[in-house]
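Listed below are the residues making up each chain.
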Amino acid sequence: MVVSTPDQARELAALLLRKDRRTAVAVVSTPAGSEQPLIDAAALARYGRGVIPVYVLVTGRASFAFADAMPDYTQVYGGAGRIYTPDLDWITDWSRSRLFLVHDPESGRRATDGLIGELARALPREERLAVTREFKGTVKMLVPPSRALVEGDGEDSTLATISPEDSVPALDVTIGQLVAEGQHVEGTRDVTTGYLDVSANVLPPERALDGLRVGEVVLVRVSAMTPDELIVEPYPRMAVRIPKARVTPNPFDSLDDLFWIGAVVRARVETIEDGLSLSMDDVDDDEQVRAAPSLLPGGPPWLEETGTAAWEGADYIAGQEVDLAEEEPHPSGDMTRPDVVSTGASAEYVQGDGGSAPSPLAVGGIAEGDARGRRIIELERSLAGARENLARLADRLEREREQVDQLRMELSLTRQLHREATHSVTQLTERLQHSMSQHRSASRKLARHESERDGTRGAAAEGERSLRTEQALFLDPEDQLRHEIYLAWAQLTPAQDKKQWPLPPEYIVSPGFIESLNSLEGVDHERVLRVVVEVLTGRVKDIPARQLHRLRMGTHSGQVRMREDGAIAFRVAVQVKTPSARRLHFWRLPDGRVELIDVAVHDHIDV
């Protein structure tokens, strides 16, 4: 249906915003100053199969009225097109109704291919009136990211097409995750469109865990995240929640800085019998990874950790590389204006003056015939994949350009704030250095006074004690230690970094820590204080030489040492590559505070 008047446009907007609407609606617009749409509306109508209506909106008075009646950022005009799903989520989340921009006939063909893919996902499966036949064949070629060409086993070599969004839309996978070249597949083939439905042979989630053992490392796909947990899929539609504490040992890490939706990462199997549970904080890079299960019998692993997917690289047809440069260019002539767009399942043309039939690729069917015809169809599908990839790259480039402009504005403001902050920091640094100099002078005077007052305690045994003990400023050993930790932090942390790495006002010193410190031999006391400051300020996580890691129950145990209150034990290196190298142990409490345990040799693990 053509929408050419403001009243018709307002009626169309009212239809799209109805809460009781049951099906998706496709809307394509004409370029400014033209009544001929560059998007193939007939192809969309044919694929809609009489279920999804297609409207052609004339840019001008009609598109202005449509824009006024629609929510912001949901309009369409100037040659663009989009699919409006019935759930109305696109009103607040514009990504749910992707806008396909069109500037010329070439971009019009790309938009047509993209909208057909959107239609495939929006078309209600239960309302498709299709005649199907049982089909067996071999995958001959992958057309990334969403098509595969299958040749039948029969003598006539009937062709079929596999599309993930048409066959298994709930799995959210690409064609390279579903099938591979040379794979034998079975299913039901739609006689009208040539699409092959393989959903009946997909491995059910309950069998995806067959043979899985505790302790194995598997690949998972990140499907969602919150500040406190990561939600992953070891198999499609099998969601496993991993608490943040089992993802990273650093409580200051942010999950959205470490991962993104769709990322493929490693995880370790913790339990299976009481429900699958996974962890990621103790997986090493050199550990063997269990291959991901296949979605279909004989298919590729549904997840691959790195590298190029099986279908990327060169395009192949029947085992021979194809040079897409040899493809005949698509005619760039004018397209006729569709006076009426048929939405019936049997529609083949757009009624008008001189319209032409849509290509087999746009309609989604398979034209069977001689080898030359099949080769043309295969080349069209290869080109469609390239167009879709190019459209995604163009969209991404536009978004990144907008981000660059925003970052430039933020950078200009940040530079101004930095200049002002630098001036303030300079003044504060001078004042702090003066205060620290006065503090050190007062500390030395007080130490001399205390030493003279307690001179009677200077027996021979006391004479062997360290200068630190002779110059103690507090009677309570814990107060003395906290004082030394503060001085170490003040001296080791540059003035400009003190705000970024502050000494926490609250931390716990266990009695055993002071005892282990007093009996410590073979390591400088100042080194221990330096490590304590790094732990309390959190800088230890950025120092590889400290070897920060969780303390386990034993040398060969995989269980992390944890107290009843939820505190987790950690270990850091005070010394490395020396005999009986010392290690500092501490608890990380659930509220983020640190409790110092002791300083002991490397092999000591009893905390």
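Below: a short report on this structure. One numbering rule holds for all chains: residues counted from 1, following each sequence as written. Per-residue local features are limited, in this predicted model, to residues with pLDDT of at least 70; the limit for side-chain atom pairs, both in listing and counting, is 80 or more; totals at the level of whole chains, interfaces and linings are taken over all residues. Heavy atoms throughout the structure, all of them, feed into the side-chain values; hydrogens and water do not.

### With respect to the overall build of the chain
Part 1: Helix numbers and strand numbers start at the N terminus; a helix is a DSSP run of H or I with at least 4 residues, a strand a run of E with at least 2. Within the chain, the secondary structure is distributed over 14 helices and 21 strands.
Part 2: Exposed residues in this analysis have more than 50% of their type's maximum accessible area, buried residues have under 20%, and partly exposed residues fall in between, with area computed by a 1.4 Å probe over protein chains only. Relative to its full complement of 607 residues, the chain shows a buried share of 43%.
Part 3: In the chain, the proportion of contacts linking residues at least 24 apart, taken out of those at least 6 apart, comes to 63%. Residues count as neighbours in contact if any of their non-hydrogen atoms are within 4.5 Å of one another.

### Remarks on helix H1 (residues 6-16)
Part 1: Listed in full, the buried residues belonging to H1 are Pro6, Ala9, Leu12, Ala13 and Leu16. Buried positions in H1, seen along its axis, are confined to an arc of 120° and lie on one side of it.
Part 2: Check the buried side of H1 and you find it contacts strand S1 (2-3), strand S2 (25-29), strand S3 (54-57), helix H3 (61-69) and strand S4 (81-84). Taking the helix axis as origin, the arc is that swept by the directions to the C-beta atoms.

### Considering the packing of aromatic side chains
Part 1: When the centres of two rings from Phe, Tyr and Trp lie within 6.5 Å, Trp using its six-membered ring, the rings pair. Their planes under 30 degrees apart give stacked, over 60 give edge-to-face, and anything left gives tilted. Scanning the model with the defined rule gives four aromatic pairs in all.
Part 2: On the numbers, 6.3 Å between centres and 65° between planes, the contact of tyrosine 235 with tryptophan 302 is edge-to-face. Placement of the pair is tyrosine 235 in strand S11 (residues 229-235) and tryptophan 302 in the loop between strand S14 (277-279) and strand S15 (316-317), with a sequence separation of 67 residues.
Part 3: The class of tyrosine 235 is buried, set by a relative accessible area of 2%.
Part 4: Taken together, a centroid distance of 5.6 Å and an interplanar angle of 10° make the contact between phenylalanine 570 and phenylalanine 586 stacked. A residue pair is termed long-range when its members are at least 10 positions apart, and phenylalanine 570 in strand S19 (residues 568-573) and phenylalanine 586 in strand S20 (residues 582-588) qualify at 16 residues.
Part 5: For phenylalanine 570, a relative accessible area of 4% gives the class buried.

### Topic: the sheet that holds S19
Part 1: Being paired, for any two strands, means DSSP has found at least two bridges between them. Taken together, the five strands give an open sheet; going across it, the order is S17-S21-S20-S19-S18, and neighbouring strands pair in mixed fashion. Both outer strands of the open sheet, strand S17 (508-509) and strand S18 (549-550), are each paired with one neighbouring strand and no more.
Part 2: In the sheet, S20 pairs with strand S21 (residues 594-601) via seven bridges, with the strands oriented antiparallel. Bridge pairing links arginine 583 to alanine 600 in S21.

### Some words on unusual backbone geometry
Leaving glycine out, the prevailing phi sign among residues is negative, and the prevailing peptide bond configuration is trans.
Part 1: Its identity is not glycine, yet tyrosine 73 carries a phi of approximately 65°, on the positive side.
Part 2: Relative to the elements of secondary structure, tyrosine 73 occurs in the loop between H3 and S4.
Part 3: A positive phi angle, close to 65°, is found at leucine 88, a residue other than glycine.
Part 4: Inspection of the secondary structure assignment puts leucine 88 in the loop between S4 and helix H4 (105-122).
Part 5: According to the relative accessible area criterion, leucine 88 is buried, its value standing at 14%.

### Some points on the sheet that holds S1
In a beta sheet, neighbouring strands are held together by backbone hydrogen bonds and run either parallel or antiparallel to one another.
Part 1: Taken together, the four strands give an open sheet; going across it, the order is S1-S3-S2-S4, and neighbouring strands pair in mixed fashion. One side of each edge strand has no neighbouring strand; the edge strands of this open sheet are S1 and S4.
Part 2: One ladder, built from four bridges, connects S2 with S4; its direction is antiparallel. When the bridges of S4 are listed, valine 25 appears paired with tyrosine 84.
Part 3: Simply put, an axis is a line fit to the C-alpha atoms, just over the touching stretch for a helix, and the angle between two N-to-C directions goes from 0 to 180 degrees. Helix H2 (residues 41-48) rests against S2 and S3 of the sheet, and its axis sits at about 160° to S3.

### Here we look at the pattern of salt bridges
Part 1: We count a salt bridge whenever a side-chain nitrogen from Lys or Arg sits within 4 Å of a carboxyl oxygen from Asp or Glu. Per the counting criterion, the structure on display carries 29 salt bridges.
Part 2: A salt bridge links arginine 109 to glutamate 106, with the nearest nitrogen and oxygen atoms 2.8 Å apart. Of this pair, arginine 109 and glutamate 106 are both found in helix H4, three residues apart, which corresponds to roughly one turn of the helix.
Part 3: Where glutamate 106 meets arginine 387, a salt bridge forms, and the shortest distance between an N and an O atom there is 3.4 Å. Taken together, the residues glutamate 106 in helix H4 and arginine 387 in helix H9 (residues 371-453) connect sequence positions 281 residues apart.
Part 4: When its relative accessible area of 30% is taken as the criterion, glutamate 106 is described as partly exposed.
Part 5: The buried category is assigned to arginine 387, whose relative accessible area is 9%.

### Considering the nonpolar core
Generally speaking, soluble globular proteins have nonpolar side chains that are buried together.
Part 1: Only buried residues count toward a nonpolar core, which is a set of Ala, Val, Leu, Ile, Met, Phe, Trp, Tyr and Cys residues joined through side-chain atoms within 4.5 Å. Judged by nonpolar contacts, the single largest core of 45 residues is most densely connected at Ile162, Leu178, Val179 and Leu278.
Part 2: Of all the secondary structure elements, the ones that give two or more residues to this core are strand S5 (132-143), strand S6 (147-152), strand S7 (159-162), helix H6 (175-178), strand S10 (217-225), S11, strand S12 (238-243) and strand S13 (264-271).
Part 3: In terms of residues, this core owes the most to one element, S10, which gives four residues.
Part 4: Once residues lying within four places of it in the same chain are set aside, the contact partners of valine 179 are Val139, Leu142, Ala148, Ile162, Val185, Leu296 and Pro300.
Part 5: Counting residues in hydrophobic clusters, the runner-up holds 32 residues, among them Leu481, Trp489, Val523 and Phe570.

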